[in-house]
There are 2 protein chains.
Amino acid sequence: MSADEAALLIRDGMNVGVSGFTPSGCPKAVPLALAEQVRSGRRKVRIGVFSGASTGSEVDTTLAPLGVIARRMPYMTSDPLRDAINGKTDEEVCYADNHLGMFAQNARYGFYGKVDVALIEVCRITEEGHLIPTTAHGCSQTWIDLADKVIVELNLAQPAGLEGFHDVYRVADPPVRQPIPLTRINDRIGVPWLECPPEKIAAIVVTRSEEHPRALLPPDAGSEKIAENLIRFLKAEQAAGRISYDRVPLQSGVGSTANAVLVALKESGFRHLNFYSEVIQDGVLDLIDAGVADFASTASLTFSGEAMKRFYANLDRYRGKLLVRDSEISNNAEVIRRLGVISMNTALEMDIYGNVNSSQRNGTTMVNGIGGSCDFSRSASLTIFMRYATTKGGAVSTVVPMCSHIDHTEHDVDVLITDEGYADLRGRSPKERARLIIENCAAPAYRPYLRRYFEDACKATGNAQTPHILSRAFELYDNLAKTGRMLPAEKGE
Amino acid sequence: MSADEAALLIRDGMNVGVSGFTPSGCPKAVPLALAEQVRSGRRKVRIGVFSGASTGSEVDTTLAPLGVIARRMPYMTSDPLRDAINGKTDEEVCYADNHLGMFAQNARYGFYGKVDVALIEVCRITEEGHLIPTTAHGCSQTWIDLADKVIVELNLAQPAGLEGFHDVYRVADPPVRQPIPLTRINDRIGVPWLECPPEKIAAIVVTRSEEHPRALLPPDAGSEKIAENLIRFLKAEQAAGRISYDRVPLQSGVGSTANAVLVALKESGFRHLNFYSEVIQDGVLDLIDAGVADFASTASLTFSGEAMKRFYANLDRYRGKLLVRDSEISNNAEVIRRLGVISMNTALEMDIYGNVNSSQRNGTTMVNGIGGSCDFSRSASLTIFMRYATTKGGAVSTVVPMCSHIDHTEHDVDVLITDEGYADLRGRSPKERARLIIENCAAPAYRPYLRRYFEDACKATGNAQTPHILSRAFELYDNLAKTGRMLPAEKGE
């Protein structure tokens, strides 16, 4: 069927589950055809879009400005969609930022209503009718299982050699759920294909659509310093005989700071690294090539252009070293805890008591979302958050008295790392944490302000467990709104 | 050995792991002897005290005022200890409020330093040298495994018939951890005793010390209304064909509101209820007696005086219907998620976007702690928090613009229930949640204020995803501090 015909199967008011996780493995031709139908005035359609994580530009970035997306879950990274979520466009998008590892389960429970259509990218359909996913499947099997109709995009630009890189496992729901039989990161527990009853397949659209890889910034002085502090911490941890990176897998978040960490790991002297992550970026491919990393389990292969070419040109070299799982498994609390993952994610801001904001700028404006960060932070054996101590050329401190929004509570955060140093918060009371975070993680220019806030709060509350002066807790944001800086330049820089 | 001699084994600067969970199953004679040694001026001792949850009055309430407790984890409910934690006494206690289900694991990892002494209450020592716990063991097996010396309190006031009510399971740590083989709430996966190498046993103290059961307030009009709203929600959920209480176990928090819910469940028409909880209070015993509940798995039997007598007098009637597990298993994310537990806990306050504060009054003063609430809220199939809409005779609204402290983020909270009604937040965007919570959960007297805050915040932020005016977010607390009321009486009542 043509993409245009297939797009007509998506009707106003429907919920559509799309394949993929991050821009990887997302459908492309049908969303573009749907966009064209709306743009040309042929149709007016508003739908719910459910995905594994963020999507390729063909879905969120193309459909959001046209008002096609009424409801969106569980995660996004698209500029125009972000605008629509934050009320900057006429037709607002209701966006619920959900744990990626819980999302498929909650959809099966029926928490989000009916999933009408599954829209799934594949690189091959086998003679048995099995669907071979591309660079990520995300929640594809759940969307297929829940949907009345399945639209398959057979993307011939994706190499058929991707067959064998996937492990698709259907999690049974309570009361008959069994232990997830994954005890080593390279265990295969499912099958390398998606299953779909033929009668559900409403359309097969043959396309040749390139992936749009995500660009990464090269490491800068700040991210290099963060990476250095992280490696210093990991080595101290190993020397103390506690959690050792060579016994448990690492999880590494998404973005340029995370990639800087991976770059630094290459020169760290570490060997036999393993990853149990939701996203594999260029750095992990480099670590495998360098013989530093042995294996990586992931929900998606999200490479930049160069790394994607290298991967496609050498599929057989990476076979057996990379495994792409359902996001329900990559981000599964049971598995993360069993394996003892060391979780390393990027924060937006952190407060002096160890709470972390991953999603809302100034507590109000959605940046991207939590993604899988909470899945890992809660169940990891060691939970690390990283961030530059300041942003905007020193105008914004990422260490604040109280986070303007909290995604990871003090109870879930073991270690905070900035380019200034690290604070090991394990077993520390709130006041002990405050001193460590101010002295080790905050930028020197902000330390006097933070010390004064903390001391004043201790006095004002009679040394209560978690001293705060609520009327002053957000003063830095007020300053920022009024002057463009959290503190005057002479104090703040 | 006498309790006095045994107490001398606890030296200044040591960390002591005590048996039990809540007041149940805690050591009694040795802590009282230690207190007497300090009170009389014979010794000056400051120690770390690690437990399963809170402790009996012999530990926290007796030792805290004497300055014996320097460091305390992971949970407490004692008035004098609370004062010491909140800076109201000369010698402050460093209190780190930790997830109960993660605590034993983190201790084994070495996050909290060495555990020097284990102090364990038992009701019997078998001929094989097995230790039979009493009404709770908590983290006992981990304390025994980590400690150099074990002090056993053989409490003859605890019936030896408690043998058989326990299931003790050692969780292996990564990288060799296996799936926890618990797939039904009544599965026995371990042994009914604690194991201890004889050479570790430094003292056996024979005592006859009564438990001090916890008193429960009878249901009042407010808690009855909360329970009514909860049951209305559960019935609607079942009618919609989603999570049904008769297919998955319930978890019920601690306290009088939680007990009111249990009382109401008895008359709800529900049958074949099962519980997978950390604490079993009187209400569950009543439900079993009434034939409404079939089975309860727990970390502790925390009955009030009357229920405790009924339980002790009829041990054989309850055998096979109650099972006491390690807190690492009762509160284990893997097991909670596998079983699909419906989690029902009491909040301190909630905000209009669905965040919940369980621990800090006005964001500063530790009340008790999070306990196991986060263990359940994150991994349950359905996460419910409950609270009266107002407290202090209407002077305090528990529904606020922004929680002054956050233990459960909006991402973990499915349903909020007050005596006013319930708000089903699943799949809802922050602005949708705000409208539901204000209209369904807030007290009518506070709705105009909350509506105005929300509308003003929408305007001020240009309808951002999570509208807030940070400079006004805590206005109600300022009012409370200044006037003793969040809103003037004519508006607030």
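1. A look at the packing of aromatic side chains
Line of reasoning, step 1. Evaluation of the coordinates by the stated rule reveals 29 aromatic pairs over all chains.
Line of reasoning, step 2. Ring plane angle 45° and centroid distance 5.9 Å describe the contact between A:Phe311 and A:Tyr318, whose orientation is recorded as tilted. You'll find A:Phe311 and A:Tyr318 in the same group, each marked buried.
Line of reasoning, step 3. For the cation-ring pair, A:Arg426 lies above B:Phe111, with the distance from its terminal atom to the ring centre recorded as 4.3 Å.

2. Describing the domain arrangement of chain A
All names here are of chain A.
Line of reasoning, step 1. Here chain A is partitioned into domain 1 (3-207) and domain 2 (221-483).
Line of reasoning, step 2. Here the C-alpha centroids of domain 1 and domain 2 sit 28 Å apart.
Line of reasoning, step 3. Contact with domain 1, which involves 50 residues of that partner, is made by 44 residues of domain 2.
Line of reasoning, step 4. Of the roughly 3600 Å² buried at the junction of domain 1 and domain 2 (both faces included), carbon and sulfur atoms supply 59%.

3. What to know about the environment of B:Ser2
Residue and element names in this part refer to chain B.
Line of reasoning, step 1. Residue placement: Ser 2 occurs in the segment before α1 (3-7).
Line of reasoning, step 2. Expressed as a C-alpha distance, the spacing of Ser 2 and Gly 161, which sit 159 residues apart in the sequence, is 25 Å.
Line of reasoning, step 3. A polar contact of 3.0 Å, which involves the side chain of Ser 2, links it to the backbone nitrogen of Glu 5.

4. A word on helix α10 (residues 305-313) of chain A
Residue and element names in this part refer to chain A.
Line of reasoning, step 1. Residues Ala 307, Met 308, Arg 310 and Phe 311 constitute the buried set of α10. Seen from one end, α10 has its buried residues packed into an arc of 160°, which puts them on one side. Opposite the buried face of α10, by more than 90 degrees, sit the exposed residues Lys 309 and Ala 313.
Line of reasoning, step 2. Buried residues along α10 sit in contact with α9 (282-289), β14 (300-301), α11 (315-318) and β15 (322-325).

5. Here's the deal with the layout of surface pockets
Line of reasoning, step 1. Space inside the largest pocket adds up to approximately 1100 Å³.
Line of reasoning, step 2. Those elements that provide at least two residues to the lining of the largest pocket are α4 (79-85), α8 (256-266), β16 (342-346) and α14 (373-379) of chain B.
Line of reasoning, step 3. Each of two domains, domain 1 (3-207) and domain 2 (221-483) of chain B, supplies a minimum of three residues to the lining of the largest pocket.
Line of reasoning, step 4. Put simply, the second largest pocket is a space of about 910 Å³.
Line of reasoning, step 5. Looking at the lining of the second largest pocket, the elements with two or more residues in it are β10 (250-252), α8 (256-266) and β16 (342-346) of chain A.

Cut-off values and rules
- Residues numbered from 1 in each chain as written.
- Chains lettered and ligands numbered in written order.
- Predicted model: local features only at pLDDT ≥ 70, side-chain atom pairs only at ≥ 80, totals over all residues.
- Heavy atoms only, no water.
- Phe/Tyr/Trp six-rings, centres within 6.5 Å; stacked < 30°, edge-to-face > 60°.
- Buried < 20%, exposed > 50% of the residue type's maximum accessible area, 1.4 Å probe, protein only.
- Lys NZ or Arg CZ within 6 Å of the ring centre and 35° of its normal.
- Domains from an automatic or database assignment.
- Contact = heavy atoms within 4.5 Å.
- Buried area = accessible area lost by both parts, 1.4 Å probe.
- Helix = DSSP H or I, 4+ residues; strand = E, 2+ residues; numbered from the N terminus.
- Polar contact = N/O pair within 3.5 Å; in protein donor to acceptor, adjacent residues only side chain to side chain.
- Arc of directions from axis to C-beta.
- 1 Å grid on protein atoms, 1.4 Å probe; cavity = no way out; pocket = protein on both sides within 12 Å on 5 of 7 lines; lining within 4 Å.
- Points joined across faces, edges and corners; volume = space filled by probe spheres on them.

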